[in-house]
Amino acid sequence: MKTLYTAEALASGEGRDGNARTKDGKLDVTLASPVELGGNGQGTNPEQLFAAGYAACFHSALRLVGRKERADLTDSAVAARIHIGPLAEGDGFGLAAELEIALPALDRATAEELMAKAHQVCPYSNATRGNMAVDLKLVEFAA
């Protein structure tokens with residue numbers, strides 16, 4: 001891979017209950033475990049950051065392939081849900097993702113084709129492929 005950009009971030013404190021910030025200072029967030037995982041929920045968490053990043057990255061890939069196909073991308077959107085839970089076998093935790101893709105200006109067949117192409121282009125999809133379940137859903141409106 002030829003590197004085009006490198007993001008740099010530092011996490012400090014107690015891991016999920018601490019702080020994360022990028023080297024350039026554009027992102028500086030308080031981290032807190034969600035209530036569902038026994039935390040106080042008074043900050044963001046890694047899964048929320050991953051969901052935001054995956055949604056944005058996939059939407060960018062979708063728009064890239066859509067422009068190449070001269071598709072109408074009016075009101076396109078992507079919503080991501082990142083799930084965390086204990087692995088079925090062994091110790092540790094795993095992740096799973098659901099992406100809701102809205103391409104309301106396109107017919108279903110065209111939208112499904114673009115969605116599949118974006119899944120091949122998106123760096124997050126390429127990084128997670130074979131490592132975690134990713135469920136793509138075509139929806140009327142992403143929420």
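Residue indices follow the written sequence of each chain, beginning from 1 at its first position. For a predicted model such as this one, the threshold for reporting local features is a pLDDT of at least 70, and the threshold for listing and counting side-chain atom pairs is 80 or more; totals across whole chains, interfaces and linings nevertheless cover every residue. Side-chain measures here rest on the full set of heavy atoms in the structure, leaving out hydrogens and waters.

- As annotated in an unreviewed UniProt entry, the protein chain carries the name Organic hydroperoxide resistance protein and comes from Paenarthrobacter ureafaciens.
- The heading Sequence similarities (unreviewed entry) in the UniProt record of the protein chain holds the text "Belongs to the OsmC/Ohr family." UniProt positions are given in the numbering used here, feature names are shortened, and annotations may be inferred rather than shown by experiment.

### Regarding the packing of aromatic side chains
Part 1 of the argument: For this analysis, a ring pair means two rings from Phe, Tyr or Trp (six-membered ring only for Trp) whose centres lie within 6.5 Å, classed as stacked if their planes differ by under 30 degrees, edge-to-face if by over 60, and tilted for the remaining angles. Under the defined criterion, the tally for this structure stands at 3 aromatic pairs.
Part 2 of the argument: One aromatic cluster in this structure is built from F50, Y54 and Y124.

### Things to note about the pattern of salt bridges
Proximity of charged atoms lets side chains of opposite charge pair with each other.
Part 1 of the argument: By definition here, a salt bridge exists when the distance from a side-chain nitrogen of Lys or Arg to a carboxyl oxygen of Asp or Glu is within 4 Å. Within the structure shown, the criterion is met by 8 salt bridges.
Part 2 of the argument: Connected via shared salt-bridge partners are E69, E113 and K117.

### A look at the sheet that holds strand β3 (residues 28-30)
Part 1 of the argument: We call two strands paired when DSSP finds no fewer than two bridges between them. Segments assigned H or I by DSSP are reported as helices when at least four residues long, segments assigned E as strands when at least two residues long, and all are numbered from the N terminus. The strand order across the open sheet built from 3 strands is β1-β2-β3, with neighbouring strands paired in antiparallel fashion. The open sheet has two free edges, formed respectively by β1 (9-14) and β3, since each of these has just one partner strand. For this sheet, the mean inter-axis angle between neighbouring strands, taken without regard to orientation, is 10°. Every angle, taken between N-to-C directions, lies between 0 and 180 degrees, and every axis is a line fitted to C-alpha atoms, over only the stretch in contact when it is a helix.

### Some remarks on the pairing of strand β4 (residues 77-86)
Part 1 of the argument: One ladder, built from 10 bridges, connects β4 with strand β5 (residues 93-102); its direction is antiparallel. When the sheet's bridge partners are listed, A77 is paired in β5 with A102.
Part 2 of the argument: With antiparallel pairing between neighbouring strands as the criterion, β4 and β5 make up a hairpin whose turn holds 6 residues, including G90 at a positive phi of roughly 85°.

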